[in-house]
Amino acid sequence: MSNASHKTVPPLAPSATNVFFRLLPITLAVFIGFLTIGLPLPVLPLHVSGVLGMGPLMVGVVIGTQFAAALLSRAWAGALADTQGAKRAVVTGFLVASCSGGAYLVSLSFLSSPAASVWSLLVGRVLLGCGESLIVTGALSWAIGLVGPHNAGKAMAWIGMAIYGAYAVGAPVGIAIQRDVGFAGLSVAAILLPLMALALVARVRAIAPAVVQRMPFYTVLGVVWQTGAGLALCCVGFGVITTFIALLFAARGWDNASLAFTAFGLAFIAARVFFAHLPDALGGARVALVCVLIEAVGQLLIWDAQTAMMAHIGAALTGFGYSLAFPGFGVEAVRRAPPQSRGTAMGAYVAFSDVSLGITGPLMGAVASTWGLNAVYLAGAGAVALSALVAVRLLTSPRSA
C-alpha cells in the first residue's frame, strides 16, 4: 500500500462550510452519545443524596468516579485511536457507554441496601468514564484528521459544542424523565442513546492510523503538560457546577436548578458558534487568557448569588468563558505535539480535565461539608483565575508551527 493511502491530513485546506459538513455526523453522534452523561447530571446528586441518603462527600465521589475512570483510560484510548484508528475508538466508546446504563438499572434493585446501590452506580460511572474517554479522544483525533491540524481549533470547538450542548439539553430533559418515569427511565435512555449514535458514524470515512513510530504516552504528556495545567484549572468551574449546583439550589429553596445547566450550555454553545475561529486566528493562549477571566467572574457571581437569577447568570458566564478556554489551550497542545501521536496528545491533554474533575468532586465535597455549598464557588473562582497565569506563560513560550 502506498504512503499516500496513510495520509491523515487533506491535501487542500477545506473551507469553513466544508469543515462544518465534514464534522456534522461526528458532531451529532457525540451530541447524542453525551446525552448519556447530560441526562443524569442534575438527577444523580439528588438521587444519591435524597433516595440513598448519602452526604455531599459521597455525592462528589459518585460524580468524580466517572472522571477518574476516564483519566485512567486516556492512554489506552489515545493508543487505540493512533494504532487502530480513531473511528474504532469512537465506536468502542459508544458500546461501553451503553453498558453504563445497565449498571444504573441494576442499582435500583438494591435500594433497600444503599451501600450496594452506590456500588452499582460506581460501576456504571466507571464504564461511562471509559466510554467517554474513548469517544472524546477518538472524536477529536478523527475530526482533526478529517479537516487538518490548521483547523484544530474549529474541530475542537464543534466537538466541544456537541458535548456541552448535550449537557444543556440533557439537564432539563433528565429532570423531566426522572419526574415522569423515574430513575429507571434515565437508565434505559443511557442504554439506548449511545447505540443510536453509532448509526450516525457508521458510514463516515475512517482515518488511517499512523504508520510511523509513536511517542510514548508519558513523553507526549511532557509535551502538553503546560496546556494541560491550564485546562485542569479552568475545568474546576465546570466541575463545581455539574456536581453541586443542584444541591445549592435545593439548599436555597430555589426552583429550576436544571436551568443553571441550560444557561451554562447555551452560553457555551453561543461562544462556540460566534467565536470558534478565534483560537486558530488569534492564538490559543491569547483567547484562553481572556476567557478564563470571564469564567472566574461567573464563579464569583454564583458564590455571592442572592437569587436564582444571579446564579443562572453566573453559570452562563462560566459556560461562556470555559467554552473557548478548552480549544484555546487545546490549539496550543496540538501545535506542540507530533502529527503521528496526535490521538495520544489529545488523550493526554484531555486527561488533565479528568484529573481536575476527578479531584474536584470529593475535594469540593469536603469544602461544602465544612464551609457550606456556596464556598465551593469561591474556591472555583480561585482555581480558574490561576489558569490565567498558565495562559500568560504560554504566550511567552515558544511553540511548534
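Here's a quick rundown of the structure. Please read all numbers here as calculations on a predicted model, not as lab measurements. (Residues numbered from 1 in each chain as written. Predicted model: local features only at pLDDT ≥ 70, side-chain atom pairs only at ≥ 80, totals over all residues. Heavy atoms only, no water.)

Quick word on the side chain of Ser-387
Here is step 1: When you line up the elements, Ser-387 lands in helix α13 (residues 375-395).
Here is step 2: Among the residues examined, Ser-387 registers a relative accessible area of 0% and is labelled buried. (Helix = DSSP H or I, 4+ residues; strand = E, 2+ residues; numbered from the N terminus. Buried < 20%, exposed > 50% of the residue type's maximum accessible area, 1.4 Å probe, protein only.)

Describing the pattern of salt bridges
Two side chains carrying opposite charge are able to pair once their charged atoms lie near each other.
Here is step 1: One pass over the structure, following the stated rule, counts one salt bridge.
Here is step 2: A salt bridge links Asp-180 to Arg-179; the shortest N-O distance between them is 3.6 Å. Both residues of the pair, Asp-180 and Arg-179, belong to the exposed class. (Salt bridge = Lys/Arg side-chain N within 4 Å of Asp/Glu carboxyl O.)

Concerning helix α10 (residues 284-303)
Here is step 1: In a regular helix each residue adds 1.5 Å, so 20 residues correspond to 28 Å; α10 covers 28 Å between its end C-alpha atoms and thus fits that length.
Here is step 2: Among all positions in α10, only Gly-284, Ala-285, Val-287, Ala-288, Cys-291, Val-292, Glu-295, Ala-296, Gly-298, Gln-299 and Ile-302 are buried. When α10 is viewed along its axis, its buried side chains cluster within an angular range of 165 degrees and face the same direction. (Expected span 1.5 Å × (residues − 1). Arc of directions from axis to C-beta.)

Topic: the nonpolar core
Here is step 1: Grouped together as the largest cluster of nonpolar side chains are 122 residues, with contacts concentrated most on Val-30, Phe-34, Trp-142, Ile-245, Tyr-322, Phe-329 and Tyr-377.
Here is step 2: The element that contributes the greatest number of residues to this core is helix α6 (residues 152-201), accounting for 18 residues. (Core = buried A, V, L, I, M, F, W, Y, C linked by side-chain atoms within 4.5 Å.)

Some details on the environment of Gly-330
Here is step 1: Mapped onto the elements of the fold, Gly-330 is located in helix α11 (residues 308-336).
Here is step 2: With relative accessibility at 0%, the residue Gly-330 sits in the buried group.
Here is step 3: Counting along the chain gives 100 residues from Gly-330 to Gly-230, while the straight-line C-alpha distance between them is 9.7 Å.
Here is step 4: Apart from residues lying up to four places away in sequence, Gly-330 is in contact with Met-156, Met-346 and Tyr-349. (Contact = heavy atoms within 4.5 Å.)

Some thoughts on a nonpolar patch on the surface
Here is step 1: A cluster of nonpolar side chains, contributed by Leu-95, Leu-105, Val-188, Leu-192, Leu-195 and Met-196, occupies part of the molecular surface with about 500 Å² of accessible area.
Here is step 2: Breaking the nonpolar patch down by element, the ones donating at least two residues are α4 (86-107) and α6.
Here is step 3: Per-element accounting of the nonpolar patch gives the leading share, four residues, to α6.
Here is step 4: Structurally, the position occupied by Leu-192 is in helix α6. (Patch = residues over 30% accessible without salt bridge, like charges linked within 9 Å, V, L, I, M, F, W, Y side chains within 5 Å. Areas by Shrake-Rupley, 256 points an atom, 1.4 Å probe, with all protein chains shown as cover.)

A short note on the packing of helix α5 (residues 114-147) against α6
Here is step 1: One can describe the packing of α5 onto α6 by two numbers: an axis separation of 8 Å at closest approach and a directional angle of 155 degrees. Here α6 runs roughly antiparallel to α5, going by the angle between their axes. When the axes of α5 and α6 are compared, the crossing they make is right-handed. For the pair α5 and α6, contact is made by Leu-121, Val-136, Ala-139, Leu-140, Trp-142, Ala-143, Ile-144 and Val-147 and by Ala-152, Ala-155, Met-156, Ile-159, Ile-163, Phe-183 and Val-201, respectively.
Here is step 2: Class assignment for the residues of the contact of α5 with α6 results in 15 nonpolar, no polar and no charged. (Axes fitted to C-alpha atoms, helices over the stretch in contact; angles between N-to-C directions. Parallel < 35°, antiparallel > 145°, perpendicular 65-115°, else oblique. Left-handed = near helix turned anticlockwise from the far one by under 90°. Nonpolar A, V, L, I, M, F, W, Y, C, P; charged D, E, K, R; others polar.)

Examining α13
Here is step 1: With 21 residues, α13 extends 32 Å from end C-alpha to end C-alpha; this agrees with the ideal 30 Å at 1.5 Å per step.
Here is step 2: Every buried residue of α13 is accounted for by Ala-375, Val-376, Tyr-377, Gly-380, Ala-381, Ala-383, Val-384, Ser-387, Ala-388, Val-390, Ala-391 and Leu-394.

Considering the packing of aromatic side chains
Here is step 1: Here the structure, examined in full by the defined rule, presents eight aromatic pairs.
Here is step 2: On the numbers, 6.0 Å between centres and 50 degrees between planes, the contact of Tyr-104 with Phe-183 is tilted. You can see Tyr-104 sitting in helix α4 and its partner Phe-183 sitting in helix α6, a full 79 residues away along the chain. Here Tyr-104 matches Phe-183 in class, with each residue buried.
Here is step 3: When the ring of Phe-238 is compared with that of Tyr-322, the centres are 5.6 Å apart and the planes differ by 10 degrees; the resulting orientation is stacked. Taken together, the residues span a long stretch of sequence, with Phe-238 in helix α7 (residues 217-252) and Tyr-322 in helix α11 at a distance of 84 residues.
Here is step 4: Members of the aromatic cluster, each reached through a chain of ring pairs, are Phe-238, Phe-264, Phe-268 and Tyr-322. (Phe/Tyr/Trp six-rings, centres within 6.5 Å; stacked < 30°, edge-to-face > 60°.)

By themselves these figures say nothing about function.
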